[in-house]
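Inside the fold
Letter by letter, the chains look like this.
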Amino acid sequence: MSNDQNLLDVTKSEWIKFRSVRSSVMGVVVFFVLTLGLGGLISWAVRSHWSTTSGIDKLTFDPVSTSLAGTLFAQFAVGVIGVLFITSEYSSGSIRTTLAAVSNRARLVSAKLVVLILSIIVVSELVCFATFLVGQAVFKGVVPTASLGNADVLRSVVFAGVYLTLLTIIGFSLGLIVRHSAACISIFVTILLIVPIIFAFLPTSWQNSYEKYLPSELGRAMMSPFAPTNDLGAWNAILLLVIYAVVIFGVGLTMMIRRDA
Amino acid sequence: MLTIDHLTKKYDNTVAVDDLHFDVKPGVVTGFLGPNGSGKSTTMRIILGLDHATKGRVTINGKRYEDLKSPLREVGALLDAKAVHPGRTARNHLRALAVSNRIKTSRVDEVLAFTGIDSVADKKVGGFSLGMSQRLGIAAALLGDPQILLFDEPVNGLDPEGIRWIREFFRSLALEGRTVFVSSHLMSEMALTADQIIVIGRGKLITQGSVDDLTATAQGTVTVRASNREALATVLKAKGAVVELASDTALSVSGLTSDEVGEAAFAAHIVIHELTPQRASLEEVFMDLTAESVEYGGTTPGAYPHEQ
């Protein structure tokens with residue numbers, strides 16, 4: 001048997017590293033609890049106030065997005081998991097030990113990405129289907145429900161998990177570029193939370209033209225079974241978010257290879 | 001064999017390593033000496049491919065570090081003992097490293113036992129003392145049973161027992177035919193540990209050779225005790241020697257060999273009670289060699305400015 005290192009060896013190694021520190025394990029737990037817990041709570045709140053809900057709100061009610069509402073909070077947890085997976089190597093200095101063992105940097109970054117994508121997509125899809133089903137069970141009998149038998153509904157739930165996975169890739173890629181945990185998490189939160197708030201103060205024409213390209217709006221489009229008039233639509237949204245992730249990752253990988261560790 | 005081939009590293013405006021050129025050979029312990037800030041750690045980082053050289057290159061048996069197929073099996077390194085994720089246990093840290101280089105995980109237990117940290121293997125590294133971290137770093141370096149070993153300031157944080165252990169450990173590695181490259185800013189430590197010494201200052205190679213060669217080339221002194229000290233001093237000074245008072249009865253003579261001192265005393269009819277050539281210690285050689293290149297030199301002790 002050859003002793004030459006390959007991508008699978010490094011991926012196995014990174015998997016051991018991922019599950020042997022508390023920050024990533026706790027991050028996944030927080031992510032799970034936030035998505036499912038908040039999704040359930042919000043669904044329950046909607047049900048309990050349904051009798052006093054206005055007619056127009058009842059007409060525009062979306063049982064899919066509402067049951068998935070926890071993802072709006074959980075997206076920060078997955079972002080942080082992605083960020084810390086690389087920045088903790090820099091803050092602890094362990095990146096030097098890691099690179100001495102895996103001198104091919106593209107291989108190292110690829111292995112980390114594989115571990116991150118596989119673990120987050122599994123957890124994301126699980127928790128998105130779970131929160132959807134819990135939400136519909138809560139709504140049942142009082143509030144209109146949605147069924148996974150509907151193709152658009154199924155797509156929304158699947159895309160919710162994909163959205164979260166793409167966010168963790170973006171967090172990881174920002175980590176490759178910025179390398180400092182706190183700075184990187186701030187940038188991530190700014191993109192998802194602060195920029196949309198800034199947009200609220202901009203002229204309406206700008207909002208209409210550009211707001212839909214924000215990652216958070218792309219996520220909304222991916223998770224909704226409807227296609228609002230102003231929207232890019234779920235498939236365009238996922239394509240654009242994939243492009244964002246690939247570009248930021250490409251920049252991160254290039255900088256990682258070129259810079260001194 | 002480790003070859004440092006005309007290596008230069010610049011950071012913005014400072015030159016950390018300046019056209020450094022030397023080989024590190026197998027079978028001996030090679031000490032890499034220089035004052036703090038002389039470029040030792042930078043050189044170590046470039047050897048491991050962590051930093052990119054501005055000019056020149058480092059090869060390991062003819063290959064660059066990033067081209068090694070399974071790096072830990074060829075080079076083991078201890079750069080910074082604390083360069084470990086504090087939340088991970090020692091065992092998991094070593095397991096992850098082993099798996100990445102196709103090293104059997106049974107080897108993890110072997111190196112844990114060898115370095116004497118098997119009892120804390122399942123404790124988080126964040127709680128380790130510097131000495132324990134050093135041992136973990138040594139365990140990691142040994143994982144792949146490599147032929148080339150690099151240690152950057154390995155005795156830092158070790159207790160005297162640990163220092164003795166590591167010295168013998170380096171010797172045994174060299175006796176097995178491995179290449180052992182150890183950096184230090186402590187000359188006295190290297191005098192006890194290394195066979196070959198490479199001295200750098202401000203990123204430049206100052207000298208290299210065996211410990212014996214280095215002390216032999218340095219100017220020694222001769223200690224002489226005589227019945228008539230003052231008369232002997234006058235005679236020796238007349239021959240061009242520099243004479244200092246070594247103790248109440250002895251003179252320390254430099255610039256003349258012991259033979260010349262003895263003959264001069266005989267010619268002047270002065271009785272000599274002792275005549276001992278003194279070799280310069282490696283410490284003194286090092287101080288002489290690097291005096292020009294100390295980056296952060298203090299003033300001499302007497303020159304401390306006292307408040308008026």
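The rules behind these values
- The numbers attached to residues start from 1 for each chain and follow its sequence in the written order.
- Following the order in which they are written, the chains are lettered starting with A and the ligands numbered starting with 1.
- Given that this is a predicted model, residues contribute local features only at a pLDDT of at least 70 and side-chain atom pairs are listed and counted only at 80 or more, while totals for whole chains, interfaces and linings are drawn from all residues.
- Computation of side-chain values covers all heavy atoms of the structure but excludes hydrogens and water.
- Each patch is assembled from residues with relative accessible area greater than 30% and no salt bridge, linking like charges that lie within 9 Å and nonpolar side chains (Val, Leu, Ile, Met, Phe, Trp, Tyr) that lie within 5 Å.
- Values of accessible area rely on a 1.4 Å probe in the Shrake-Rupley scheme; residue burial ignores everything except the protein chains shown.
- Take a side-chain nitrogen of Lys or Arg and a carboxyl oxygen of Asp or Glu: if they are within 4 Å of each other, that pair is a salt bridge.
- The helix count covers DSSP runs of H or I at least four residues long, the strand count covers runs of E at least two residues long, and both are numbered beginning at the N terminus.
- Each residue gets one of three labels from its accessible area relative to the maximum for its type: buried under 20%, exposed over 50%, partly exposed in between, using a 1.4 Å probe on protein chains only.
- Domain start and stop points were drawn from an automatic or database domain assignment.
- Pairs of residues are marked as contacts when any of their non-hydrogen atoms sit within 4.5 Å.
- As used here, buried area is the combined drop in accessible area, with a 1.4 Å probe, of two parts when they are placed together.
- Think of a 1 Å grid over just the protein atoms. A cavity is a set of points where a 1.4 Å probe fits yet cannot get out, a pocket is an open set with protein on both sides within 12 Å along at least five of seven lines, and lining residues have an atom within 4 Å of a point.
- Grid points are joined across faces, edges and corners, and a volume is the space filled by probe spheres set on the points.
- When residues are sorted by character, Ala, Val, Leu, Ile, Met, Phe, Trp, Tyr, Cys and Pro go into the nonpolar class, Asp, Glu, Lys and Arg into the charged class, and all the rest, Gly among them, into the polar class.
- For two strands to be treated as a pair, DSSP must find no fewer than two bridges joining them.
- Lines are fitted to the C-alpha atoms to define the axes, a helix being fitted only along its stretch in contact, and any angle between axes, read from their N-to-C directions, falls within 0 to 180 degrees.
- As used in this structure description, the phrase polar contact means that two N or O atoms lie within 3.5 Å; if the pair is within protein, one of them must be able to donate a hydrogen and the other to accept it, and residues adjacent in sequence are counted only when both atoms belong to side chains.

With respect to a nonpolar patch on the surface
Residue and element names in this part refer to chain A. A contiguous nonpolar patch, built from Val-25, Met-26, Val-29, Val-30, Phe-32, Val-33, Val-122 and Leu-126 and spanning about 660 Å² of accessible area, is present on the exposed surface. Secondary structure elements with two or more residues in the nonpolar patch: α2 (22-48) and α7 (105-139). The leading source of residues in the nonpolar patch is α2, at 6 residues. Tracing the backbone through its elements, the reader meets Val-29 in helix α2. According to the relative accessible area criterion, Val-29 is partly exposed, its value standing at 41%.

Describing the domain arrangement of chain B
Residue and element names in this part refer to chain B. Split into domains, chain B comes out as domain 1 (2-216) and domain 2 (219-282). Between the C-alpha centres of domain 1 and domain 2 there is a distance of 45 Å. Between domain 1 and domain 2, the residue contacts involve 8 residues of the former and 4 residues of the latter. The junction of domain 1 with domain 2 conceals about 480 Å² of combined surface from both sides, 66% of it contributed by carbon and sulfur atoms. Per-residue buried area on domain 1 facing domain 2 is highest for Met-187, Thr-215 and Ala-216; these three make up 76% of the total on that side. For the pair domain 1 and domain 2, the interface holds 0 salt bridges.

Description of unusual backbone geometry
All names here are of chain B. Located in the positive-phi region is Arg-102, a residue other than glycine, with phi close to 55°. Relative to the helices and strands, Arg-102 is located in the loop between α3 (90-100) and α4 (106-114). Here the phi dihedral of Arg-202 falls at roughly 50°; this positive angle occurs in a residue that is not glycine. Within the secondary structure, Arg-202 is located in the loop between β8 (196-201) and β9 (204-210).

Description of empty space enclosed by the protein
Over the atoms, a rolled probe matching the size of one water molecule traces out where space is still vacant. Going through the model one piece at a time under the given rule, you end up with 3 cavities of 30 Å³ or more. Of the voids in this model, the largest cavity is the one considered here, and its volume is about 240 Å³. Considering the residues around the largest cavity, the lining is formed by 23 residues, among which Thr-97 of chain A together with Ala-77, Leu-78, Leu-79 and Ala-140 of chain B are closest to the centre. Broken down by element, the residue count for the lining of the largest cavity peaks at 5 residues, all from helix α5 (residues 130-142) of chain B. Of the residues that constitute the lining of the largest cavity, the class distribution is 16 nonpolar, 5 polar and 2 charged.

Some words on the sheet that holds strand β12 (residues 250-254) of chain B
Residue and element names in this part refer to chain B. Strand order in the open sheet made by the 4 strands is β11-β12-β10-β13, with antiparallel pairing throughout. What marks the edges here is a single partner per strand, and that holds for β11 (242-245) and β13 (272-278). On average, each strand axis in the sheet is tilted by 25° relative to the strand beside it, whichever way the strands run. The pairing of β11 with β12 spans 4 bridges and is antiparallel. Following the sheet pairing, Val-243 is matched in β12 by Val-253. Each of β10 (221-226), β11 and β12 is contacted by helix α9 (residues 229-238), which is oriented at about 5° to β12, the strand it contacts most. Lying on the sheet, helix α10 (residues 258-267) is in contact with β10, β12 and β13; it crosses β13 at an angle near 160°.

Considering the environment of Ser-172 of chain B
Residue and element names in this part refer to chain B. Within the element layout of this structure, Ser-172 appears in helix α6 (residues 160-175). Exposure remark for Ser-172: the relative accessible area of 31% places this residue in the partly exposed category. With 144 residues separating them in the primary sequence, Ser-172 and Val-28 have C-alpha atoms 9.7 Å apart.

Re the side chain of Ser-103 of chain A
Summarising the element assignment, Ser-103 of chain A is placed in the loop between α6 (94-101) and α7. Excluding anything up to four places from it in sequence, Ser-103 of chain A contacts Tyr-65, Glu-66, Leu-68 and Pro-71 of chain B.

Re the interface of chain A and chain B
Each partner contributes residues to the interface: chain A has 33 residues there, and chain B has 33 residues. Carbon and sulfur atoms make up 51% of the surface buried where chain A meets chain B, a total of about 2800 Å² over both sides. Our enumeration of links across chain A and chain B arrives at 3 salt bridges. For Arg-102 of chain B, the salt bridge identified is with Asp-9 of chain A, shortest N-O distance 2.8 Å. The tally of links from chain A across to chain B stands at 23 residue pairs in polar contact (both at pLDDT 80 or more). Elements with a minimum of two residues in the side of chain A that touches chain B: α1 (7-19), α5 (71-92), α6 and α12 (234-258) of chain A. Class assignment of the residues belonging to the side of chain A that touches chain B gives a composition of 10 nonpolar, 12 polar and 11 charged.

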